[in-house]
Amino acid sequence: MRIAVVGSGYVGLVTGACFADLGHDVVLVDNDDQKLAALENGTIPIHERFLPELIARHRGKRIRFTGDLQSAAHECDTIFIAVGTPPTDHGEADLSYVESVAREISSAVGSYKVVVEKSTVPVYTSQWIRTVIIRNGAHPSSFDIASNPEFLREGSAVTDFLYPDRIVVGVESERCAGVLREIYAPLTSGEYYSHRDAIPRPDRAQVPPRLIVTSTRSAELIKHASNAFLAMKISFINAVASICESVGANVQQVCEGIGADSRIGPRFLNPGIGYGGSCFPKDLMAFRSVAKECGYDFRLLEEVIRINEDQRHRFLKKVRGVLWTLRGKRLGVLGLAFKGGTDDIRESPAVLLVQELLHEGCRICVYDPAAMARAKEVLGAGVEYSSGPYEAASGADALLILTEWEEFAALDLDRMRKALKYPIVLDGRNLYDPATMTAHGLSYYSVGRPAALTEDVQAEVSPGKRETA
Ligand code: NAD
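Residues numbered from 1 in each chain as written. Predicted model: local features only at pLDDT ≥ 70, side-chain atom pairs only at ≥ 80, totals over all residues. Heavy atoms only, no water.

**Thoughts on the packing of aromatic side chains**
What the rule picks out here adds up to twelve aromatic pairs. Centre to centre, the rings of Tyr192 and Tyr193 are 5.7 Å apart; their planes meet at 80°, and the pair counts as edge-to-face. Of the two residues examined, Tyr192 and Tyr193, each falls in the buried class. Measuring from centroid to centroid gives 6.5 Å for Tyr432 and Tyr444, while their planes differ by 90°, and the two rings are edge-to-face. Residue Tyr432 is found in the loop between β13 (424-427) and α17 (434-439), and its partner Tyr444 is found in strand β14 (residues 443-445); the two are separated by twelve residues along the sequence. (Phe/Tyr/Trp six-rings, centres within 6.5 Å; stacked < 30°, edge-to-face > 60°. Buried < 20%, exposed > 50% of the residue type's maximum accessible area, 1.4 Å probe, protein only. Helix = DSSP H or I, 4+ residues; strand = E, 2+ residues; numbered from the N terminus.)

**Thoughts on the domain arrangement of the chain**
With domains assigned, the chain is organised as domain 1 (2-214), domain 2 (223-308) and domain 3 (311-461). Using C-alpha coordinates to define each centre, domain 1 is positioned 38 Å away from domain 3. Contact with domain 1, which involves seven residues of that partner, is made by eleven residues of domain 3. Where domain 1 abuts domain 3, roughly 650 Å² becomes buried across the two surfaces, and 39% of that area is made up of carbon and sulfur atoms. Sorting the residues of domain 1 by area buried against domain 3 places Tyr10, His47 and Glu154 first, and these three jointly supply 77% of that buried surface. (Domains from an automatic or database assignment. Contact = heavy atoms within 4.5 Å. Buried area = accessible area lost by both parts, 1.4 Å probe.)

**Describing the site of the ligand**
Residues in close proximity to the ligand total 27 residues, the closest being Asp30, Lys35, Thr85, Glu154 and Lys282. Thr120 places a polar main-chain atom, nitrogen or oxygen, 2.9 Å from an oxygen atom of the ligand. In the model, a nitrogen atom of the ligand is placed 2.7 Å from a nitrogen or oxygen of the Glu154 side chain. Of all the secondary structure elements, the ones that give two or more residues to the shell around the ligand are α1 (10-21) and α5 (96-105). Here the shell around the ligand gets three residues from one element, more than from any other, and that element is α5. A per-class count over the shell around the ligand returns nine nonpolar, ten polar and eight charged. In this structure, the shell around the ligand is formed jointly by two domains, domain 1 (2-214) and domain 2 (223-308), each of which donates at least three residues. (Near = heavy atom within 4 Å. Polar contact = N/O pair within 3.5 Å; in protein donor to acceptor, adjacent residues only side chain to side chain. Nonpolar A, V, L, I, M, F, W, Y, C, P; charged D, E, K, R; others polar.)

**Considering the state of the cysteines**
Here a disulfide denotes a covalent bond joining the sulfur atom of one cysteine to the sulfur atom of another. Evaluated as defined, the whole model comprises zero disulfides. There is no disulfide at Cys176, and the cysteine sulfur nearest it, in Cys76, is 16 Å away. Judged by relative accessible area, Cys176 falls into the buried class, the value being 0%. In this structure Cys362 is not part of a disulfide, and its nearest cysteine sulfur, from Cys365, lies 13 Å away. (Disulfide = S-S within 2.5 Å.)

**Looking at the layout of surface pockets**
Taken as a whole, the second largest pocket encloses approximately 410 Å³ of empty space. Contributing to the lining of the second largest pocket are 18 residues, with Leu95, Pro122, Val123, Thr125 and Trp128 lying nearest its centre. Contributing elements (two or more residues each) for the lining of the second largest pocket: α5, α6 (125-135) and α11 (280-293). Grouping the amino acids of the lining of the second largest pocket by side-chain chemistry returns 13 nonpolar, two polar and three charged. (1 Å grid on protein atoms, 1.4 Å probe; cavity = no way out; pocket = protein on both sides within 12 Å on 5 of 7 lines; lining within 4 Å. Points joined across faces, edges and corners; volume = space filled by probe spheres on them.)

**Some points on the side chain of Asp343**
With respect to the helices, strands and loops of the structure, Asp343 is situated in the loop between β9 (330-334) and α13 (349-359). Residue class for Asp343 comes out buried when judged on its relative accessible area of 6%. Engagement of the side chain of Asp343 in a polar contact is seen with the side chain of Tyr10, the distance being 2.7 Å. A polar atom in the side chain of Asp343 sits 3.4 Å from the backbone nitrogen of His47. In contact with Asp343, other than residues within four places in its own chain, are Tyr10, Pro45, Ile46, His47, Ala370, Ala371 and Arg374.

**Observations regarding the packing of α5 against α6**
Here α5 crosses α6 at 35°, and the two axes come no closer than 8 Å. Note that α5 runs across α6; the crossing there is right-handed. Of the residues in α6, those touching α5 at Val98, Glu99, Ala102, Arg103 and Ile105 are Thr125, Ile129, Val132 and Ile133. For the contact of α5 with α6, a count of residues per class yields six nonpolar, one polar and two charged. (Axes fitted to C-alpha atoms, helices over the stretch in contact; angles between N-to-C directions. Left-handed = near helix turned anticlockwise from the far one by under 90°.)

**Quick look at the environment of Gly361**
Take Gly361: it is sitting in the loop between α13 and β10 (363-367). Through-space distance from the C-alpha of Gly361 to that of Ser189 is 58 Å; in sequence the pair is 172 residues apart. Leaving out residues up to four positions away in the same chain, Gly361 has contacts with Leu326, Arg327, Gly328 and Lys329.

**A short note on the sheet that holds β13**
Pairing within the open sheet is parallel, and its six strands lie in the order β11-β10-β9-β12-β13-β14. Two strands bound the open sheet, and with one partner strand each, they are β11 (384-385) and β14. In the sheet, β13 pairs with β14 via three bridges, with the strands oriented parallel. Residue pairing across strands places Leu426 opposite Tyr445, the latter belonging to β14. Lying over the sheet, α13 contacts β9, β10 and β12 (398-401), oriented at roughly 160° with respect to β10. (Pairing = 2+ DSSP bridges.)

**Structural notes on the pairing of strand β1 (residues 2-6)**
Counting buried positions along β1 yields four of five residues, so the element is predominantly enclosed. Taken together, the five bridges between β1 and strand β2 (residues 25-29) define a ladder with parallel strand orientation. Bridge pairing in β2 places Val6 opposite Val29. For the segment spanning β1, α1 and β2, crossover handedness is right-handed. Across four bridges, the pairing between β1 and strand β4 (residues 78-81) is parallel. Within β4, the residue paired with Ile3 across the bridge is Thr78. (Right-handed = clockwise from strand over helix to strand, strands pointing away.)

Have a look at this one:
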């Protein structure tokens, strides 16, 4: 099929590259000339596993890039809208980018087309897109609007797209459902997975995936409700972690016990410094606004957000509890991205913590495998940027682990101990077994687990003091 994907960001690029890998002809549209020029030259502007391979495989064949939205809309049967929906000052989703795309494609809607919302949008957006397209001259029977929310996670976006838990398609007509079924048929039939050069299947994936057809409003709600539920799971376990810290229990053991219940499951029960990224924070606020508009006071969401923010403050307090005064202290920081596997720092709790520590007067040396360039735009010359984890730790009063990159879970601990001025590690992502850390001479403070202190530090502390993290 001929597909236009409007917006070549994290979602648009991955969607376009994966559709090409499914055999469709894809035109990727963006209004950022710099981004387009980079893409034309074969530079991939985001860090995402398998994306460079897919773009290289199909660029100039099944994938083209353009800034000309109207022409792309003219020549394609299906137009996916994957532009940003950032929060307004009031926390609602700013839908002006979506509206602008709808307006621009109206004149291209002559023969039957399907316009698909891929961006995360509040309920009723599909109705508004329809209204805008009709107001701008398209005949009501010449197009349909579908909602096809995207559930990919940055860091594993390509495999999430190609091996999804489910594909949700919200439609108002069988004709429109047929188009979406055809687009995803290589996945739902299982045909894609038999290709020799298919992107490898991740461990947990069930194939073929299920395609769930709903109304457009239900599909819009599925996306907001899914993100709100996942954020709630994170805040829930973070609240439990705080109780564990107070009573000297171990949240890891608690999670094992809770997660073994098949009604709950073990995933997303990872305590830490809170969620971030471009989705959860904004989608929760948008969903809260949607609920308010409908007359429902969704206070549960407010509490999820409050716990999330509190989690970061608790970690800062922990740093203070371990180092006493902060002014002038030198800290090595591992991780700036909002999660491992991505260069995205939008709403990253790691960046927010670095800013708060700078405010406290700390001197900070950071390292992130992929997010340094983006972080420089935000943190500027206020921090030192190092070439690796041991360089970041060199001469530091303590090491802080703030993003769960795989390479941070596999450090050479002896080398790390030697690099640090004091053998202290504060881990906001629970990447290590506490006993392993003390065995390597490191005092280790994590989230929701008792602190693991070296013998020297135990001797430093009078009985009863600093017994938990
Ligand atoms: P992004 O900011 O990375 O990309 C958006 C792109 O749209 C940019 O390249 C921008 O230049 C382009 N754009 C904006 N207006 C345009 C226009 N009028 N014409 C052409 N291009 C235009 O955003 P993203 O992270 O890809 O998110 C896009 C949407 O997908 C959002 O609604 C987001 O909530 C949703 N989503 C994101 C993720 C994620 O993990 N990033 C996951 C699921 C859903």
